[in-house]
Amino acid sequence: MSDGRPRTWHTPEGVPITLTLAPLGERVAAFMIDGLIIVAATLLLVWVLVQARSESGLFRALFMLLSFGLRTFYFAAFELFRQGQTPGKRLQGIRVVAGAGGPLTPRAVFARNLTRELETFLPLVLLAAPELLYGPVGEGQGLLSVLWILVFFLLPFFNREGLRVGDLIAGTRVVRVPKAELLPDVSDGPARADRFAFTAEQLRHYGERELKVLEDVLRGGEHVDDNTRRAVAERIHLRVGYPGPLPGDVRGFLTAFYTAQRAHLERGRLLGQITTDKAQARERAR
Amino acid sequence: MSAPAPPLRSVQFRREREAAWLELDDLVTRVEGGGLKALSAAELRSLATLYRAALSGLSVARAISLDQNLVAWLEGLCARAYVVVYGSKQPVAAALWAYLTQWLPRAVRQLAWPVLLSAAFMGGGALLAFFLTLGDMGLYDAFVSPGMAQGRDPQATTAFLREGLFSDGGGLVDRLVAFASFLFTHNARIGLLACALGFGLGLPTAWLMFANGLTLGGFAALYHSRGLSVELWSWLLPHGITELGAVILCGGAGFAIGGAILFPGRQRRLDRLAAVGRDAAGVALGAVCMLALAALLEGIFRQTVQSVPVRYAVASATVVAWALYFGLLGRSR
């Protein structure tokens, strides 16, 4: 479950947008961070109360109201006023959005946080001190409440999108905030690529999937070194039957091939011919 | 531009639009940091225009460009802009006012049946416990937990019970405030629980309402057996109308959620649940506000006013006020 699944939203403009659902691990981590903040804030309140050394009921009332407010409205307030992000979610790079598209309404935010008590606090009490929960009532009722609480707690592990009860009730989803960086176009670099020319015949071997791999190789993350690049260039050189030995300027050769291949495939797209991978390219060449 | 050969069509496409995309990126980043307030009026207008342009750019790029970094980045940008553009909301004060004067009463009227069901469970529990306890005082302990009773049990003297109804809680204002806030947080937690538990097909909610009714009925029977009924209700009703009303509303909201799962009608079950759940949560939030009012009445008013007729007058006033509020407001349009 390390990787989130994509989910498509339909904008009112009619252009679908795909976002990645936040994986459970990230959501749990975000919740832990928020939980720590709540606990820390409550402890701070207690500390202030102790420092004040006041026997006054006003202080106790204030403490009760503040800690209630903290526990009940912490998530809702942040999600409402900070674009669907609590501090924990912000650190994890995830956010709440409306499942059906459109704005995230205050009611939806409140609804999705209504069940937090049931999902997290009660199971904790159940583990630590079950008698607090049942009180003096019979075993039967205790067993029933355990059952209900388990339903709430385990639900996210038993549906495809990892939704909690709160998400179901509110119709919300938690997604990753996209954080791609706009990189320069590989084919739009300095013009040394012009030294190599490719014929239409040589561009018939690969499809869009191979082009994407080549783009990754050229953009070169940390794991792409000169050897990898050379190996890729040798493969292509052999496959397309480029005349002569592999040129010394491997990067220039690859960039030129990428540009030519992309121009070829994009032209095909305009004519309605989408070549997804090399198998299809081979078929088409026949 | 030193490229002698004409660039790819998709490269040209990107060159022409890149500046606008980056401008949108900048605006969205600022909103993500500091909210919509971070933008001037002119920037807000251009945000919407740039968003639509980027979106149409995205659909073109998907069709013609094979630069996967560009398409992925543009998709992310559009998604972030989409959330910002459609995430905008009314000013808080206006939204709150509309919620209290229009939305809440209307939503409660729409939930009339689940709310009645919730009231029936509580009333049923109360009646059952009342008559059972009248018949056999030994059952009192089964309905009212010792923590709840605080000595107000069949072994207590009538004088003690009467005194409890007219005590002024020591008369210290700050003690009253502490009491009121304890009641509020306790009741609000129960109410929200009852609503959230509706997800269990409404069964736990039904039990919670019924159990609350049992406690109430047990109490009523004890005081009735000592001839203190009039005094008990004068003590209970001034805040109880509001408080029990709020708890019943929470139960109704819970039943609505359970009902949405059981009987989705023509909608898909999850869609129905989401629609009903949001309304139910809105009602539960309103109930929390009611509980705050009830706590004020209970903690401060009840302990300072000892006259039985005045207490009944206040109780009737709250009935009329809530009837008018839930019956009349939000009917226009």
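Whatever comes next refers back to the structure up there.
Residues numbered from 1 in each chain as written. Chains lettered and ligands numbered in written order. Predicted model: local features only at pLDDT ≥ 70, side-chain atom pairs only at ≥ 80, totals over all residues. Heavy atoms only, no water.

This part takes up the nonpolar core. Core analysis: the largest hydrophobic core is formed by 67 residues, its most contacted members being Leu114 of chain A together with Phe199, Leu249 and Val283 of chain B. Among the elements that make up this core, the one with the highest residue count is helix α12 (residues 269-304) of chain B (11 residues). Contact partners of Leu114 of chain A, with chain neighbours within four places excluded, come to Leu192, Cys195, Ala196, Ala281 and Ala284 of chain B. Core analysis: the next-biggest nonpolar cluster, separate from the first, contains 36 residues, Leu19 of chain A together with Tyr51, Cys78 and Tyr82 of chain B among them. (Core = buried A, V, L, I, M, F, W, Y, C linked by side-chain atoms within 4.5 Å. Buried < 20%, exposed > 50% of the residue type's maximum accessible area, 1.4 Å probe, protein only. Helix = DSSP H or I, 4+ residues; strand = E, 2+ residues; numbered from the N terminus. Contact = heavy atoms within 4.5 Å.)

Once that is clear, we can look at the pairing of strand β2 (residues 16-20) of chain A. Residue and element names in this part refer to chain A. A one-sided burial pattern is seen for β2, the buried positions being Ile17 and Leu19 and the unburied ones Pro16, Thr18 and Thr20. Across five bridges, the pairing between strand β1 (residues 6-10) and β2 is antiparallel. Bridge assignment links Arg7 to a residue of β2, and that residue is Leu19. The antiparallel pairing of β1 with β2 creates a hairpin that spans five residues between the two strands, and Gly14 there sits at a positive phi of about 90°. (Pairing = 2+ DSSP bridges.)

All names here are of chain A. A cluster of basic side chains, namely Arg235, Arg239, Lys278, Arg282 and Arg286, defines a positive patch on the protein surface. Of all the secondary-structure elements, those providing two or more residues to the positive patch are α10 (226-240) and α12 (278-285). The topology assignment puts Arg239 in helix α10. (Patch = residues over 30% accessible without salt bridge, like charges linked within 9 Å, V, L, I, M, F, W, Y side chains within 5 Å. Areas by Shrake-Rupley, 256 points an atom, 1.4 Å probe, with all protein chains shown as cover. Salt bridge = Lys/Arg side-chain N within 4 Å of Asp/Glu carboxyl O. Lys, Arg positive; Asp, Glu negative; His and termini not counted. Charge placed at Lys NZ, Arg CZ, Asp CG, Glu CD.)

The next subject is the interface of chain A and chain B. With 76 residues of chain A at the contact, the number on the chain B side is 74 residues. Contact between chain A and chain B buries roughly 6,400 Å² in total, counting both sides, with carbon and sulfur atoms accounting for 67%. Considering only the surface of chain A that becomes buried against chain B, Phe68, Arg107 and Leu182 of chain A emerge as the three largest contributors, covering 11% of it. For the pair chain A and chain B, the interface holds three salt bridges. For the salt bridge of Glu13 of chain A with Arg52 of chain B, the shortest nitrogen-to-oxygen distance reads 3.2 Å. Counting across the chain A and chain B interface gives 17 residue pairs in polar contact (both at pLDDT 80 or more). At 12 residues, helix α2 (residues 57-81) of chain A tops the list of elements feeding residues into the side of chain A that touches chain B. (Buried area = accessible area lost by both parts, 1.4 Å probe. Polar contact = N/O pair within 3.5 Å; in protein donor to acceptor, adjacent residues only side chain to side chain.)

So, on to empty space enclosed by the protein. Under the defined criterion, the tally for this structure stands at two cavities of 30 Å³ or more. Computed from the structure, the largest cavity encloses a volume of approximately 40 Å³. Together, Leu19, Arg95, Val175, Val177 and Pro178 of chain A together with Ala79, Arg80 and Val83 of chain B line the largest cavity. Broken down by element, the residue count for the lining of the largest cavity peaks at three residues, all from helix α3 (residues 68-86) of chain B. (1 Å grid on protein atoms, 1.4 Å probe; cavity = no way out; pocket = protein on both sides within 12 Å on 5 of 7 lines; lining within 4 Å. Points joined across faces, edges and corners; volume = space filled by probe spheres on them.)

Moving on: the packing of helix α8 (residues 158-166) of chain B against helix α11 (residues 229-262) of chain B. Residue and element names in this part refer to chain B. Two elements in contact, α8 and α11, have axes whose closest approach is 9 Å; the angle formed by their N-to-C orientations is 30°. As the angle between them shows, α8 and α11 are arranged roughly parallel. Between α8 and α11 lies a crossing whose hand is left-handed. The segment α8 lies against α11, with Arg162, Gly164, Leu165 and Phe166 engaging Glu231, Leu232 and Trp235. Of the residues contributing to the contact of α8 with α11, the split by class is four nonpolar, one polar and two charged. (Axes fitted to C-alpha atoms, helices over the stretch in contact; angles between N-to-C directions. Parallel < 35°, antiparallel > 145°, perpendicular 65-115°, else oblique. Left-handed = near helix turned anticlockwise from the far one by under 90°. Nonpolar A, V, L, I, M, F, W, Y, C, P; charged D, E, K, R; others polar.)

All names here are of chain A. On the surface, a nonpolar cluster with roughly 510 Å² of combined accessible area is contributed by Leu150, Phe153, Leu154, Phe157 and Phe158. Mapped onto the elements of the fold, Leu150 is located in helix α7 (residues 139-154). When its relative accessible area of 39% is taken as the criterion, Leu150 is described as partly exposed.

What characterises a pair of aromatic rings is the spacing of the ring centres plus the angle enclosed by the ring planes. The full count for this structure, using the stated rule, is 20 aromatic pairs over all chains. A ring pair is formed by Phe31 of chain A and Phe75 of chain A, whose centres lie 5.8 Å apart and whose planes are at 10°; its orientation type is stacked. Highlighted residues: Phe31 of chain A in helix α1 (residues 24-52) and Phe75 of chain A in helix α2, separated in sequence by 44 residues. On the accessibility criterion, Phe31 of chain A (26% relative accessible area) is partly exposed. Here the aromatic rings of Tyr325 of chain B and Phe326 of chain B are separated by 4.9 Å at their centres, their planes lie at 70°, and the arrangement is edge-to-face. (Phe/Tyr/Trp six-rings, centres within 6.5 Å; stacked < 30°, edge-to-face > 60°.)

We now examine helix α4 (residues 92-110) of chain B. The sharpest bend along α4 of chain B reaches about 45° and sits at Tyr99 of chain B. Every buried residue belonging to α4 of chain B is among Tyr99, Thr101, Trp103, Leu104, Pro105, Ala107 and Val108 of chain B, and all of these are buried. (Bend = angle between axes of the 7 residues up to and from the residue.)

The next thing to look at is unusual backbone geometry. Residue and element names in this part refer to chain B. Located in the positive-phi region is Leu201, a residue other than glycine, with phi close to 55°. Looking at the element boundaries, Leu201 is found in the loop between α9 (173-196) and α10 (203-225). Using a relative accessible area of 40% as the deciding quantity, one classes Leu201 as partly exposed.

This paragraph deals with the pattern of salt bridges. Counted according to the given criterion, the structure contains 24 salt bridges over all chains. The partner of Arg80 of chain B in a salt bridge is Asp25 of chain B, and the shortest N-O contact between them spans 3.1 Å. Here Arg80 of chain B, found in helix α3, pairs with Asp25 of chain B, found in helix α1 (residues 9-34); they are 55 residues apart in sequence, far enough to count as distant. A relative accessible area of 18% means that Asp25 of chain B is categorised as buried. One salt-bridge network, in which partners are shared between bridges, spans Arg27, Glu79, Lys89, Arg112, Arg116 and Asp167 of chain A.

We now examine the side chain of Ser65 of chain B. With respect to the helices, strands and loops of the structure, Ser65 of chain B is situated in the loop between α2 (41-64) and α3. The exposure class assigned to Ser65 of chain B is buried, which follows from its relative accessible area of 4%. Within polar-contact distance, the side chain of Ser65 of chain B engages the backbone nitrogen of Asp67 of chain B at 3.1 Å. For Ser65 of chain B, the residues in contact, after removing those within four places along its chain, are Arg262 and Glu266 of chain A together with Ser10, Val60, Leu70 and Val71 of chain B.

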